[in-house]
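Now for the letters of each chain:
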Amino acid sequence: MSKTFWEDRWENLQIGWDIGQVSPPIAEYINQLENKALKILIPGCGNAYEAEFLHKKGFTNVSIVDISIKAIDSFIKRYPNFPKQNIIHSDFFEIDGQYDLIIEQTFFCAINPSLRKKYVQKMITLLKPKGKLIGLLFNTEFSGGPPFGGDKDEYFNLFENDFTIKTMEKAYNSIKPREDRELFIILEKK
Ligand SMILES: C[S@@+](CC[C@H](N)C(=O)[O-])C[C@H]1O[C@@H](n2cnc3c(N)ncnc32)[C@H](O)[C@@H]1O
């Protein structure tokens with residue numbers, strides 16, 4: 001999917017993926033974090049409800065990235081209190097940095113499946129030793145795409161060489177429309 005594709009989706013407000021809140025499984029994970037200084041990244045952030053949630057809870061080192069300037073503008077308009085220096089307008093595959101934690105919320109399903117190995121390798125370069133990738137992956141197939149789906153076996157095979165798979169289980173607290181169709185993941189960089 002090109003940058004133009006995503007700009008057009010934002011321009012025309014074709015943002016059916018936007019659930020208007022932090023997904024409950026991710027909120028629950030964040031709620032048990034104690035270290036507010038963790039360096040956290042939210043890729044393909046869109047309206048970045050997770051960033052707002054983290055910022056309001058006192059996390060001081062959260063960055064967000066989106067390829068679409070309209071997505072970034074939408075977030076800034078929605079939540080102007082977020083530190084501007086932590087907002088990255090870029091292709092995820094071109095950013096640098098080293099993070100303790102990366103939060104996945106409908107970014108993986110937005111990229112073409114041919115880029116999934118590249119996604120894993122990029123996550124590895126962006127995570128500190130023992131850094132974690134957490135969040136949600138769709139456990140279902142879609143016709144066409146994006147979103148692009150998959151299943152647990154596929155994801156296990158994709159991540160197991162580079163990550164210790166701490167959790168990859170059906171989420172029990174998904175929002176209703178995604179019930180039984182999401183896997184919650186906690187993957188630790190090997
Ligand atoms: C399905 S949306 C999800 C947005 C948000 N995470 C949510 O759940 O509401 C995917 C987002 O990823 C962004 N995106 C797509 N490809 C990207 C890339 N290569 N680098 C950074 N952002 C990208 C799009 O602009 C879009 O905002």
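Residues numbered from 1 in each chain as written. Predicted model: local features only at pLDDT ≥ 70, side-chain atom pairs only at ≥ 80, totals over all residues. Heavy atoms only, no water.

(A) Structural view of helix α6 (residues 152-159). Taken as a whole, α6 has its buried residues at Tyr155, Leu158 and Phe159. On an axial view of α6, the arc spanned by its buried residues comes to 80 degrees, and they lie on one face. The exposed residues of α6 that point more than 90 degrees off its buried face are Asp153 and Asn157. Where α6 is buried, its residues touch α5 (116-126), β5 (127-138), β6 (163-170) and β7 (182-189). (Buried < 20%, exposed > 50% of the residue type's maximum accessible area, 1.4 Å probe, protein only. Helix = DSSP H or I, 4+ residues; strand = E, 2+ residues; numbered from the N terminus. Arc of directions from axis to C-beta. Contact = heavy atoms within 4.5 Å.)

(B) Fine view of the environment of serine 143. Structurally, the position occupied by serine 143 is in the loop between β5 and α6. A residue is classified by how much of its surface remains accessible, and serine 143, at 76% relative accessible area, is exposed. For the pair serine 143 and isoleucine 186, spaced 43 residues apart in sequence, the C-alpha separation works out to 27 Å.

(C) Representation of the pattern of salt bridges. Applying the stated criterion across every chain yields a total of 11 salt bridges. Through salt bridges with shared partners, a single network forms among Glu52, Lys56 and Arg78. (Salt bridge = Lys/Arg side-chain N within 4 Å of Asp/Glu carboxyl O.)

(D) Seen up close, the side chain of asparagine 47. Structurally, asparagine 47 is set in the loop between β1 (40-43) and α3 (49-56). Classification of asparagine 47 as buried rests on a relative accessible area of 7%. At a separation of 2.7 Å, a polar atom in the side chain of asparagine 47 contacts the side chain of aspartate 18. What asparagine 47 contacts, discounting residues up to four positions off in sequence, is Trp10, Ile15, Asp18, Ser74, Phe75 and Arg78. (Polar contact = N/O pair within 3.5 Å; in protein donor to acceptor, adjacent residues only side chain to side chain.)

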